[in-house]
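Architecture and fold: a report
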Amino acid sequence: DTEVTQTPKHLVMGMTNKKSLKCEQHMGHRAMYWYKQKAKKPPELMFVYSYEKLSINESVPSRFSPECPNSSLLNLHLHALQPEDSALYLCASSPWTTDTQYFGPGTRLTVL
Amino acid sequence: AQSVSQHNHHVILSEAASLELGCNYSYGGTVNLFWYVQYPGQHLQLLLKYFSGDPLVKGIKGFEAEFIKSKFSFNLRKPSVQWSDTAEYFCAVLNTGFQKLVFGTGTRLLVSP
């Protein structure tokens, strides 16, 4: 089983709202990732967690706040987003940070 | 900075035609190489990968890729495409030193029946 689940599938939020995206995997992977994908563009790395610790932050604005409560869960907390943050947010996991990444279906976020 | 180039942005083929998609990367160190596919309305799926060993790797659905280290290339091939291969194909390179997966710009493949 190589399934990564993400909730919600779709999210619409205003610029003053606070919301969270959730990602879950039960493959025992120790690395988890957040990517942002704009329409007709490749995924762009945002954050990497390795053994539940943030190891890479690709200079992402602080209005995006990641959290890894345990080895199976990854959250992305959103606050005061801008319309240009509208995109597909992808979660991925891998056994460790140099191995194959398996992607979830994504959350399509619209910021009004 | 590491970069990944996919030369063909849009490819249109008829069923049974052969496919080759180019991928070149800029990093000279140790890399792990991947091709992912994104079918319409579906999430990214792994087609194949290369870490070491035989530079010709076979993946799912009849796809294969060849790693040519001297050319920094990892081209994807399929001898005979099907309509169901219509999708976007991404080459991705993981720099094992920096531990970041970098995607190419993608190639949209349209296979006409």
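In this text the structure is predicted, and so the values were computed from the model without any measurement. (Residues numbered from 1 in each chain as written. Chains lettered and ligands numbered in written order. Predicted model: local features only at pLDDT ≥ 70, side-chain atom pairs only at ≥ 80, totals over all residues. Heavy atoms only, no water.)

For chain B, the count of helices and strands is zero helices and twelve strands. Each helix (α) and strand (β) of chain B, taken in turn from the N terminus, gives the series β-β-β-β-β-β-β-β-β-β-β-β. Principal-axis analysis of the C-alpha atoms places the extent of chain B at approximately 45 × 25 × 20 Å. A total of 113 residues make up chain B; the buried ones form 46% of that total. Long-range contacts, defined here as pairs at least 24 residues apart, represent 55% of the contacts in chain B between residues at least 6 apart. Only carbon and sulfur atoms are counted for the fraction: they give 55% of the accessible area of chain B, which is about 5,400 Å². Across chain B, 9 positive and 7 negative side-chain charges occur, with their mean positions spaced 7 Å apart. (Helix = DSSP H or I, 4+ residues; strand = E, 2+ residues; numbered from the N terminus. Buried < 20%, exposed > 50% of the residue type's maximum accessible area, 1.4 Å probe, protein only. Contact = heavy atoms within 4.5 Å. Areas by Shrake-Rupley, 256 points an atom, 1.4 Å probe, with all protein chains shown as cover. Lys, Arg positive; Asp, Glu negative; His and termini not counted. Charge placed at Lys NZ, Arg CZ, Asp CG, Glu CD.)

Residues and elements named next belong to chain B. One can find Ser18 in the loop between strand S2 (10–14) and strand S3 (19–21). The exposed category is assigned to Ser18, whose relative accessible area is 53%. In this structure the C-alpha to C-alpha distance between Ser18 and Arg77, which are 59 residues apart in sequence, comes to 7.6 Å. Residues within four places of Ser18 in sequence aside, it is in contact with Leu13, Lys78 and Pro79.

What follows covers the sheet that holds strand S8 (residues 73–79) of chain A. Residue and element names in this part refer to chain A. Ordered in space as S1-S3-S8-S7, the four strands form an open sheet in which the pairing is antiparallel. Looking at the sheet topology across the chains shown, the edges are occupied by strand S1 (4–7) and strand S7 (64–70). Across this sheet, the average inter-strand angle for adjacent strands is 20°, counted without regard to direction. Note: strand S3 (residues 18–25) against S8, seven bridges, orientation antiparallel. Directly across from Ser20, in S8, lies its bridge partner His77. (Pairing = 2+ DSSP bridges. Axes fitted to C-alpha atoms, helices over the stretch in contact; angles between N-to-C directions.)

Once that is clear, we can look at unusual backbone geometry. Following Thr7(A), the chain continues into Pro8(A) via a peptide bond in cis, with omega recorded as -10°. On the secondary structure map, Pro8(A) appears in the loop between S1 and strand S2 (10–13). The phi dihedral of Ala80(A) falls on the positive side, at around 55°, and the residue is not glycine. In this structure, Ala80(A) sits in the loop between S8 and strand S9 (87–94). The residue Gln99(B) is not glycine, and still its phi comes out positive at about 60°. Looking at the secondary structure, you find Gln99(B) in the loop between strand S10 (87–95) and strand S11 (100–103). With relative accessibility at 28%, the residue Gln99(B) sits in the partly exposed group.

Residues and elements named next belong to chain B. Position of Glu64 relative to the elements: it lies in strand S8 (residues 64–68). Judged by its relative accessible area of 18%, Glu64 is buried. Each residue touching Glu64, except ones within four places of it in the same chain, is listed here: Leu48, Leu56, Val57, Lys58, Asn75, Leu76 and Arg77.

With that out of the way, let us pick up the pairing of strand S11 (residues 107–111) of chain A. Look at any regular strand and the pattern is simple: side chains alternate between the two faces of the sheet. All names here are of chain A. Only one face of S11 is buried: it carries Thr107, Leu109 and Val111, and the other face, with Arg108 and Thr110, is open. Alignment of S2 against S11, held across four bridges, turns out to be parallel. Paired with His10 across the two strands is Arg108, which belongs to S11. Taken together, the three bridges between S9 and S11 define a ladder with antiparallel strand orientation.

Here the structure, examined in full by the defined rule, presents 14 aromatic pairs over all chains. A connected cluster of aromatic rings, assembled from ring pairs, spans Tyr33(A), Tyr35(A), Phe103(A), Phe34(B), Tyr36(B), Phe51(B), Phe90(B) and Phe103(B). (Phe/Tyr/Trp six-rings, centres within 6.5 Å; stacked < 30°, edge-to-face > 60°.)

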